[in-house]
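Spelled out from the first residue to the last, the chains are:
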Amino acid sequence: MQVLCNGGVAAALAAVYIIDHGCGEMPIDFASNYGATWLGMGILGALACSCGDTLASEMGTVLGTAEPRLLTTLERVPRGTNGGVSPAGLLFSIAGGFLIGLSYYVALLLFIPRDVLEISTEQWPVLLVGAISGLLGSLIDSFLGATLQFSGFCQERNCIVERPADCVRHISGCAVLDNHSVNMLASLFTALLTPRIALYMWSFCS
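So, here is what we can say about the structure in this document.

For the rest of this paragraph, the subject is the state of the cysteines. Note on terminology: a disulfide is the covalent bond linking the sulfur atoms of two cysteines. Under the defined criterion, the tally for this structure stands at zero disulfides. Between Cys-49, a cysteine without a disulfide, and Cys-51, which holds the nearest cysteine sulfur, the sulfur-to-sulfur distance is 10 Å. In this structure Cys-159 is not part of a disulfide, and its nearest cysteine sulfur, from Cys-154, lies 5.5 Å away.

Here is the structure:
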């Protein structure tokens, strides 16, 4: 379920890409390859969201020293609280998105003929788009987690839990979504927003 919710949006967009444009790689160019570029940026956004949020949650929690703050109120919250953000976590989300953008950029250089790249728009802005999408996806995930996902402190087990109970002190959010749903929605929203971000980025950089 976790794999489906984190990678399902990217897989669905990739399937549409293959149906419409085949398996070959195409340069990023909104002017001449709008459909393929839009889908490619959507896939990039979905993967950058998942990678950025995963690094922020795992590495930011381990290596970060600052106590996280709830995204919606900026109040200090215990580590592991849904919707909690920290400077280290945000940096790791950018790094995760940049890693996806770098992978995309390397694939473009490897699989697209040099003469095609020479007459296409610059491809390097995909690095910036990936980094921005990683941060954006992590923020969307945190916002959904802070508002629509329950977080509480269980006094019996001395840990953060996602279900209300008599022994649980409420911290934030309401029990509407679980972690899988939050990941899927964040991935979907980031995939929809990333092509627009990429369009502005290429207009600015070209």
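Next comes the rest of the write-up.
A few words now on helix H6 (residues 179–205). Because an α-helix completes one turn every 3.6 residues, residues spaced three or four positions apart along the sequence face the same direction. Across its 27 residues, H6 extends 37 Å between first and last C-alpha, which sits within 8% of the 39 Å expected from 1.5 Å per residue. Buried within H6 are the following residues: Val-182, Asn-183, Ala-186, Ser-187, Thr-190, Ala-191, Thr-194, Pro-195, Ala-198, Met-201 and Trp-202. In this fold, the buried residues of H6 make contact with helix H1 (2–21), helix H2 (34–63) and helix H5 (125–148).

The subject of this paragraph is the environment of Ala-146. Looking at the element boundaries, Ala-146 is found in helix H5. When the C-alpha positions of Ala-146 and Ser-172 are compared, they lie 6.0 Å apart, and in sequence the two are 26 residues distant. Excluding anything up to four places from it in sequence, Ala-146 contacts Leu-70, Thr-72, Asn-82, Gly-83, Ser-172 and Gly-173.

As a packed pair, H1 and H6 sit with axes 7 Å apart at the nearest point and diverge in direction by 20°. With respect to their mutual orientation, H1 and H6 come out roughly parallel. When the axes of H1 and H6 are compared, the crossing they make is right-handed. Residues Gln-2, Cys-5, Asn-6, Val-9 and Leu-13 of H1 touch H6, and the partners they reach there are His-180, Asn-183, Met-184, Ser-187, Leu-188 and Ala-191.

Attention shifts here to the nonpolar core. Core analysis: the biggest nonpolar cluster contains 16 residues, and Ile-28, Met-41, Leu-44, Tyr-104, Val-126, Val-129 and Trp-202 have the highest contact counts within it. Setting aside chain neighbours within four positions, we find Val-129 in contact with Met-41, Leu-44, Thr-194, Ala-198, Met-201 and Trp-202. Ala-10, Leu-13, Tyr-17 and Leu-39 belong to the second-largest nonpolar core, a separate cluster that totals nine residues.

The next thing to look at is the side chain of Ser-187. Structurally, Ser-187 is set in helix H6. Using a relative accessible area of 0% as the deciding quantity, one classes Ser-187 as buried. Setting aside residues no more than four positions away along its own chain, Ser-187 makes contact with Asn-6, Val-9, Ala-46, Cys-49 and Ser-50.

Cut-offs applied
- Residues numbered from 1 in each chain as written.
- Predicted model: local features only at pLDDT ≥ 70, side-chain atom pairs only at ≥ 80, totals over all residues.
- Heavy atoms only, no water.
- Disulfide = S-S within 2.5 Å.
- Helix = DSSP H or I, 4+ residues; strand = E, 2+ residues; numbered from the N terminus.
- Expected span 1.5 Å × (residues − 1).
- Buried < 20%, exposed > 50% of the residue type's maximum accessible area, 1.4 Å probe, protein only.
- Contact = heavy atoms within 4.5 Å.
- Axes fitted to C-alpha atoms, helices over the stretch in contact; angles between N-to-C directions.
- Parallel < 35°, antiparallel > 145°, perpendicular 65-115°, else oblique.
- Left-handed = near helix turned anticlockwise from the far one by under 90°.
- Core = buried A, V, L, I, M, F, W, Y, C linked by side-chain atoms within 4.5 Å.

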